[in-house]
Amino acid sequence: MAKEELFYKKKFIWEDLNESEKKEVFEIGEDYKSFMDASKTERLSINEIVRRAKEQGFKSLEEIKEIKPGTKVYYVNKGKSAALVVIGKEKLEKGMNIVGSHVDSPRIDIKQNPLYEDQGMSLLKTHYYGGVRKYQWVTLPLALYGTVVKANGEKIHIAIGDDENDPVFYITDLLPHLAKDQNEKKLGEAIEGEGLNVIIGSLPAEGKDDDKKFKLNVLKILNEKYGMIEEDFQTAELEIVPAGKARDVGIDRGMISAYGQDDRVCAYTSLKAIFEVENNEKAAVALFADKEEVGSNGSTGMHSEFFNNMVAEMILIENGNFYSDITLKRALSNSSMLSSDVAAGVDPTYKEVSELQNAAVMGQGVAMIKYTGSRGKSGANDANAEFIGKIRKVFNDNNITWQTAELGKVDQGGGGTIAYIMANLNMDVVDIGVPVLSMHAPFEVVSKTDVYMTYKAYKAFYNLYN
Ligand code: MN
Ligand code: MN
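Procedures and definitions
Residues numbered from 1 in each chain as written. Chains lettered and ligands numbered in written order. Predicted model: local features only at pLDDT ≥ 70, side-chain atom pairs only at ≥ 80, totals over all residues. Heavy atoms only, no water. Pairing = 2+ DSSP bridges. Helix = DSSP H or I, 4+ residues; strand = E, 2+ residues; numbered from the N terminus. Contact = heavy atoms within 4.5 Å. Axes fitted to C-alpha atoms, helices over the stretch in contact; angles between N-to-C directions. Donors = N, O, S within 2.8 Å, 3.2 Å for Na, K, Ca; no water. Buried < 20%, exposed > 50% of the residue type's maximum accessible area, 1.4 Å probe, protein only. Arc of directions from axis to C-beta. Domains from an automatic or database assignment. Buried area = accessible area lost by both parts, 1.4 Å probe. Salt bridge = Lys/Arg side-chain N within 4 Å of Asp/Glu carboxyl O. Polar contact = N/O pair within 3.5 Å; in protein donor to acceptor, adjacent residues only side chain to side chain. Nonpolar A, V, L, I, M, F, W, Y, C, P; charged D, E, K, R; others polar. Phe/Tyr/Trp six-rings, centres within 6.5 Å; stacked < 30°, edge-to-face > 60°. Lys NZ or Arg CZ within 6 Å of the ring centre and 35° of its normal.

## Quick notes on the sheet that holds strand β5 (residues 107–118)
Read from one edge of the open sheet, 7 strands run β8-β7-β11-β5-β6-β10-β9, paired in antiparallel fashion. Strands at the two margins of the open sheet, each flanked by one partner only, are β8 (155–160) and β9 (170–171). When strand β6 (residues 121–129) meets strand β10 (residues 198–201), the two strands line up antiparallel, connected through 3 bridges. Along β10, the bridge assignment pairs Leu124 with Val198. Against the sheet, helix α6 (residues 213–226) engages β5, β6, β8 and β10, with an angle of about 125° to β5.

Put into structure tokens, the structure is as follows:
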């Protein structure tokens, strides 16, 4: 056998693409950026996913009267998680091909009683969400998004900071001249959780004698604009995210910087892939979960029954208003799933945290992560060789450029995804997603070629059948 055939060799996607594929890489990049700009929070991501799904002929589960090959269904759970299904030729009992991502991203949440004034400024107290490196979130333009439920039950949506005419918000840091004590602290402790206070105003209300006139001015503006009173904060979900749009990175425009690419890049690529599913044997599912960054708990996290319930409802319709639990169990355990979440790309400046022989290189394709976890694979869904062998075949048959990866050197750290939760339903699951740089930073970076190849990979997976 020739030497070239014996060695395993990785390659860069770009080098294998023809001119029309190269053009497609950039076209998808543009569409992806517009998806990201519309999807700054989990709720907005679900709205954008549903908006696009309706355009593609998906109908809400409530409207569906018949389940037959080609039926396109979507189901939204409490505005924060969702599933899209394209029914295949086989019945649901035979299993589904599922690509599951998450649409929540690390951010700074506003506390329930947040507003105070100090030194001529109004500020909001916050509690960060997910694994943020706190020092990265200071001195940036920030946007405020969220949902406020008023005393009468009325729901208002807030979005301030991403329109170019909007103001932005801001978390301060010390000036270097006075940072002697802070500089002595460890990086992870230099900015404290209770130090992530957001400036929301700086002008006093009219009337010299008013106590708390800076706070009062903010409340007056919120009342004029949204009819809010201070108590309404108590029943609000307000999120601070970086202000600004997705942008190309590099003089060749090969990469994209955007907030929340973990894991909306996998949401986008799986969405694009399911829109192109046709004549599929098994039902194709794109699953979009919330709460992954905080452990997947809660009614909109992957630990919730929402997806199982949706499949149960579909089985009921498919079988002419007859349902049995064993059909649901078979549908789930006969399924295959790609837990579609980002991988840590090798950072040339911080190579020492990766074991380079088993790390995802930017631009070398969608990354398959057999196991996650930490300290001896603890907590990992360690995918079966038989299953990843099937994935290898479908990828190779479809000219997918893919690589295997691990989240950093052994004992350097680690992490998890929704993979193990779905694997607990006895389906085959492996983590497969886009390599990213500066994961969980306010702006993360991906390669356009990896975005393109990940979409191609998910599309190929949806045709998996055996
Ligand atoms: Mn993730
Ligand atoms: Mn994450």
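## Topic: the coordination of the manganese ion (ligand 1)
Looking at the manganese ion (ligand 1), one finds its protein donor set to be His102 (NE2), Asp262 (OD), Asp341 (OD) and Asp341 (OD), positioned 2.1 to 2.5 Å from the metal centre. All donor residues of the manganese ion (ligand 1) come from one chain, and their arrangement in sequence is H-x159-D-x78-D. Between the manganese ion (ligand 1) and the manganese ion (ligand 2) the interatomic distance amounts to 3.3 Å, and Asp262 serves as a bridging ligand to the pair. Separated by 79 residues along the polypeptide, Asp262 in helix α7 (residues 261–275) and Asp341 in the loop between β15 (336–339) and β16 (343–344) bring together distant segments of the chain. Overall, the relative accessible area of 3% leaves Asp262 in the buried class.

## Side note on helix α9 (residues 325–333)
Those residues of α9 that fall on the buried side of the exposure criterion are Thr327, Leu328, Ala331 and Leu332. For α9, the angular spread of the buried residues around the axis is 130°, confining them to a single face. Looking at the packing, one finds that the buried side of α9 touches β4 (96–102) and α8 (306–318).

## Details of the domain arrangement of the chain
According to the domain assignment, the chain consists of domain 1 (3–105 + 259–462) and domain 2 (107–242). The gap between the C-alpha centroids of domain 1 and domain 2 is 34 Å. Counting residues at the interface gives 18 residues for domain 1, matched by 15 residues for domain 2. Across the interface of domain 1 and domain 2, roughly 1,400 Å² is buried in total on both sides, 52% from carbon and sulfur atoms. The largest share of the area that domain 1 buries against domain 2 comes from Lys40, Arg43 and Pro442, three residues that together contribute 34% of it. Here domain 1 and domain 2 share 4 salt bridges between them. Among the ionic pairs, Glu42 bridges to Arg107, the shortest N-O distance being 3.6 Å. Taken together, the links from domain 1 to domain 2 amount to 8 residue pairs in polar contact (both at pLDDT 80 or more). Split by residue class, the side of domain 1 that touches domain 2 holds 6 nonpolar, 3 polar and 9 charged.

## Topic: the packing of aromatic side chains
Within the structure shown, the criterion is met by 7 aromatic pairs. Aromatic side chains Phe58 and Phe275 sit 5.9 Å apart centroid to centroid with 55° between the ring planes, which places their arrangement in the tilted category. Placement of Phe58 in the loop between α3 (42–55) and β1 (59–60) and of Phe275 in helix α7 is noted, with a sequence separation of 217 residues between them. A residue is classified by how much of its surface remains accessible, and Phe58, at 3% relative accessible area, is buried. Seen in terms of ring centroids, Trp137 and Tyr259 are 6.3 Å apart; in terms of plane orientation they differ by 90°. Their pairing is edge-to-face. Taken as a pair, Trp137 in the loop between β6 and β7 (142–149) and Tyr259 in the loop between β13 (255–258) and α7 lie far apart in primary sequence, 122 residues in all. Put simply, the rings of Tyr32, Phe35 and Tyr268 pair up and form one aromatic cluster. Geometry around Tyr371 places Lys377 over its ring, the cationic atom sitting 3.9 Å from the centre.

## Here we look at the coordination of the manganese ion (ligand 2)
At 2.1 to 2.6 Å from the manganese ion (ligand 2) lie its protein donor atoms, namely Asp262 (OD), Glu293 (OE), Glu293 (OE) and His440 (NE2). In the primary sequence, the donor residues of the manganese ion (ligand 2) line up as D-x30-E-x146-H.

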